[in-house]
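Residue-level structural notes
Residues per chain are reported as follows:
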Amino acid sequence: MATIFTKIISGEIPSYKIAETEDFYAFLDINPNAEGHTLCIPKKEVNKIFDLDEATYIGLMKFSHRIAIALEKAIPCKRIGMTVIGLEVPHAHVHLIPLQTMEDALFSNKQKLEPEEFEAIANKITSFL
Ligand code: AMP
């Protein structure tokens with residue numbers, strides 16, 4: 001069965017898209033630790049990140065790097081944190097999180113944002129790509 005992220009890639013489930021290439025897709029996390037929390041995923045549906053073939057893994061890191069540079073310009077923060085967890089969605093993904101404090105790296109601290117706020121954040125990040 002297709003993962004929720006595969007459904008996001010196909011457009012079956014909406015997302016606040018940041019960028020897309022032939023092989024990768026980036027969008028805002030719907031339950032963000034901090035404003036600008038972004039997920040970068042390979043279109044190839046593989047559960048665990050270290051099970052990706054080497055080319056896809058390196059491609060995902062390059063893609064995440066490009067997104068992180070734009071994110072750091074768009075969102076005031078001390079730095080962009082990068083985390084891989086994957087306990088919730090079985091489709092490899094990188095979390096990019098603008099960090100002000102260590103609390104922003106904790107997945108127990110969540111921000112509630114309105115749809116218009118997600119839209120504005122996505123547009124701002126995209127403008128720095
Ligand atoms: P994990 O698999 O533990 O790395 O967490 C999966 C992440 O995906 C969580 O941070 C969720 O908030 C996020 N997530 C789940 N469903 C969606 C969705 N439909 N749109 C955006 N983010 C999502």
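Scroll up a little and you will see the structure.
Residues numbered from 1 in each chain as written. Predicted model: local features only at pLDDT ≥ 70, side-chain atom pairs only at ≥ 80, totals over all residues. Heavy atoms only, no water.

Here the structure, examined in full by the defined rule, presents 3 salt bridges. Between Lys-43 and Glu-20 there is a salt bridge, with its nearest N and O atoms 2.7 Å apart. Of this pair, Lys-43 sits in the loop between β3 (38–42) and α2 (54–74) while Glu-20 sits in strand β1 (residues 17–20); the two residues are 23 residues apart in sequence, bridging distant segments of the chain. With relative accessibility at 37%, the residue Glu-20 sits in the partly exposed group. The shortest N-O distance in the salt bridge between Lys-44 and Asp-53 comes to 2.7 Å. In this structure, a network of salt bridges that share partners links the residues Lys-17, Glu-20 and Lys-43. (Salt bridge = Lys/Arg side-chain N within 4 Å of Asp/Glu carboxyl O. Helix = DSSP H or I, 4+ residues; strand = E, 2+ residues; numbered from the N terminus. Buried < 20%, exposed > 50% of the residue type's maximum accessible area, 1.4 Å probe, protein only.)

Counting buried positions along strand β2 (residues 24–28) yields 5 of 5 residues, so the element is predominantly enclosed. Where β1 and β2 come together, 3 bridges link them in antiparallel fashion. Paired with Ala-19 across the two strands is Ala-26, which belongs to β2. Between β1 and the antiparallel strand that follows it, β2, lie 3 residues. Strand direction decides the pairing type here: β2 and β3, joined by 5 bridges, are antiparallel. Looking at the pairing, Tyr-25 lines up with Ile-41 of β3. (Pairing = 2+ DSSP bridges.)

That's the geometry; what it means functionally is another story.
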